[in-house]
Amino acid sequence: MGNQHVICRAEPGIRRPDPGICRPGPRVSLPTARVALLLVSVDSLTREARDAFEGYAEPEERPPFRTYATLAAVLNTGFAGALLAAKRSNRLPESVSTKDLVLIGTASHKLSRVIAKDKVTAFLRAPFTEYQGRGGPAEVEERARGEGVRRAVGELLTCPYCLGLWAAGAFHAGLMFAPRVTRVTASTLTALTLSDFLQIAYKAAEDRGLGSS
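Residues numbered from 1 in each chain as written. Predicted model: local features only at pLDDT ≥ 70, side-chain atom pairs only at ≥ 80, totals over all residues. Heavy atoms only, no water.

Further remarks concern the overall build of the protein chain. On a plain count of helices and strands, the protein chain comes out with seven helices and four strands. Its helices and strands in sequence order give the protein chain the pattern β-β-α-α-α-α-β-β-α-α-α, from N to C terminus. Taking contacts inside the protein chain between residues at least 6 apart in sequence as the whole, the part at least 24 apart equals 50%. Counting every atom, the protein chain has about 15400 Å² of accessible surface; 61% of that belongs to carbon and sulfur. (Helix = DSSP H or I, 4+ residues; strand = E, 2+ residues; numbered from the N terminus. Contact = heavy atoms within 4.5 Å. Areas by Shrake-Rupley, 256 points an atom, 1.4 Å probe, with all protein chains shown as cover.)

This is the structure:
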C-alpha cells in the first residue's frame, strides 16, 4: 500500500486486532513523519529546558538567564575574534610576561572598581541601579533594579568581580593591537591603585595619632 498505513480496531476481549477489520488510514509521507517527530522532540527538549530553569529559583528571585547568556556570548565572541585577528596579523604573542601580567591584573582590579563602585561614575550606573548607601573610601553601595536586560546590566555594573573579566580581556586585546597606549593606560590605573592604598594607610595612621604633631 506504499506510504498508506493501516488502522486496525481490536474487538473487545481480543488482544490483537483482527486483520479482517483493518481499514486503510490517511496517507502519511515519510518526510512528513520525520518532521513531525523532530517537532515533537524539539518541543519536548524546550519544555524540559524551561522546567529546568524555572526550578532554579522563585520567579521574583530568578536571574535574567537570557540576558546573562547574551552578555557571556558577547564577551566570548569579542575576545575570540580579537585572538583570531591577532593570529592572522601575526600579533599574537608567544607568551605574556610577568611584568605585563601584574600590570594588567592591577589595572583590571582598579578599572572594575572605578566602574562598579566609584562615586563619580554613579551617573553611568544610575539608569540600572538603586542607591543603597556609602561604601568604602570614595565608593557607594548600589543594587540592580528593574527586570530583564535592565536588571542584568545593573548587576554587571555593580559587580567588580564580573567587570574584572571584561577589563582583563580588553587590556589583553589592547596589548596585541595597541601595546604602547595600553601599557600607559594600565600603568596609570596601577599607579592609582598604589595611591589608594597609600591614602588608606595614611588615614589609618592619622586615626592612630601617628600623623599628628
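Let us look at the state of the cysteines. Here the structure, examined in full by the defined rule, presents one disulfide. Across the disulfide from cysteine 159 sits cysteine 162; the S-S distance is 2.4 Å. Between cysteine 159 and cysteine 162, the S-S dihedral sits near 75°, and the bridge is therefore right-handed. According to the relative accessible area criterion, cysteine 159 is buried, its value standing at 17%. (Disulfide = S-S within 2.5 Å. Buried < 20%, exposed > 50% of the residue type's maximum accessible area, 1.4 Å probe, protein only.)

The next subject is unusual backbone geometry. Its identity is not glycine, yet asparagine 90 carries a phi of approximately 60°, on the positive side. Following the sequence through the fold, asparagine 90 ends up in the loop between α2 (65-88) and α3 (98-117). Assessed through its relative accessible area of 71%, asparagine 90 is described here as exposed.

Together, Phe79, Leu83 and Leu92 make up an exposed nonpolar region whose accessible area comes to about 210 Å². Take phenylalanine 79: it is sitting in helix α2. (Patch = residues over 30% accessible without salt bridge, like charges linked within 9 Å, V, L, I, M, F, W, Y side chains within 5 Å. Salt bridge = Lys/Arg side-chain N within 4 Å of Asp/Glu carboxyl O.)

Let us now look at the side chain of threonine 193. With respect to the helices and strands, threonine 193 occurs in helix α7 (residues 179-207). A distance of 2.9 Å separates a polar atom in the side chain of threonine 193 from the backbone oxygen of leucine 189. Beyond its immediate chain neighbours, meaning those up to four positions away, threonine 193 contacts Thr106, His109 and Lys110. (Polar contact = N/O pair within 3.5 Å; in protein donor to acceptor, adjacent residues only side chain to side chain.)

Let us now look at the packing of α2 against helix α6 (residues 160-177). Axes are the key here: two packed helices are described by the angle between their axes and the distance separating the axes. Put simply, α2 and α6 touch, their axes get as near as 10 Å, and they point 15° apart. In terms of their interaxial angle, α2 and α6 are classed as roughly parallel. Between α2 and α6 lies a crossing of left-handed hand. Note on element contacts: α6 touches α2 through Leu165, Trp166, Gly169, His172, Ala173, Met176 and Phe177, opposite Leu71, Val74, Leu75, Phe79, Ala82, Leu83, Ala85 and Ala86. Of the residues that constitute the contact of α2 with α6, the class distribution is 13 nonpolar, two polar and no charged. (Axes fitted to C-alpha atoms, helices over the stretch in contact; angles between N-to-C directions. Parallel < 35°, antiparallel > 145°, perpendicular 65-115°, else oblique. Left-handed = near helix turned anticlockwise from the far one by under 90°. Nonpolar A, V, L, I, M, F, W, Y, C, P; charged D, E, K, R; others polar.)

Let's shift gears to the nonpolar core. With eight residues, the main nonpolar core is built from Leu103, Ile104, Ala107, Ala167, Phe171, Leu175, Ala186 and Leu189. Those elements that place two or more of their residues in this core are α3, α6 and α7. Once you skip the residues sitting within four places of it in the chain, leucine 103 turns out to touch Arg183, Ala186, Ser187 and Thr190. (Core = buried A, V, L, I, M, F, W, Y, C linked by side-chain atoms within 4.5 Å.)

This part takes up the pattern of salt bridges. According to the stated counting rule, one finds eight salt bridges in the structure shown. One salt bridge connects arginine 143 with glutamate 130, and the closest N-O pair in it is separated by 3.4 Å. Within this pair, whereas arginine 143 is found in strand β4 (residues 140-144), its partner glutamate 130 is found in strand β3 (residues 129-134), the two being separated by 13 residues in sequence. As a salt-bridge pair, arginine 151 and glutamate 155 come within 3.1 Å of each other at their nearest N and O atoms. In this pair, arginine 151 and glutamate 155 both sit in helix α5 (residues 148-157), four residues apart, roughly one turn of the helix. For glutamate 155, a relative accessible area of 22% corresponds to the partly exposed category.

Along its 24 residues, α2 runs 34 Å from first to last C-alpha, staying within 8% of the 34 Å computed at 1.5 Å per residue. Inspection of α2 places Thr67, Leu75, Ala82 and Ala86 among the buried residues, and these make up the whole buried set. Summarising the contacts, the buried residues of α2 are in contact with α5 and α6. (Expected span 1.5 Å × (residues − 1).)

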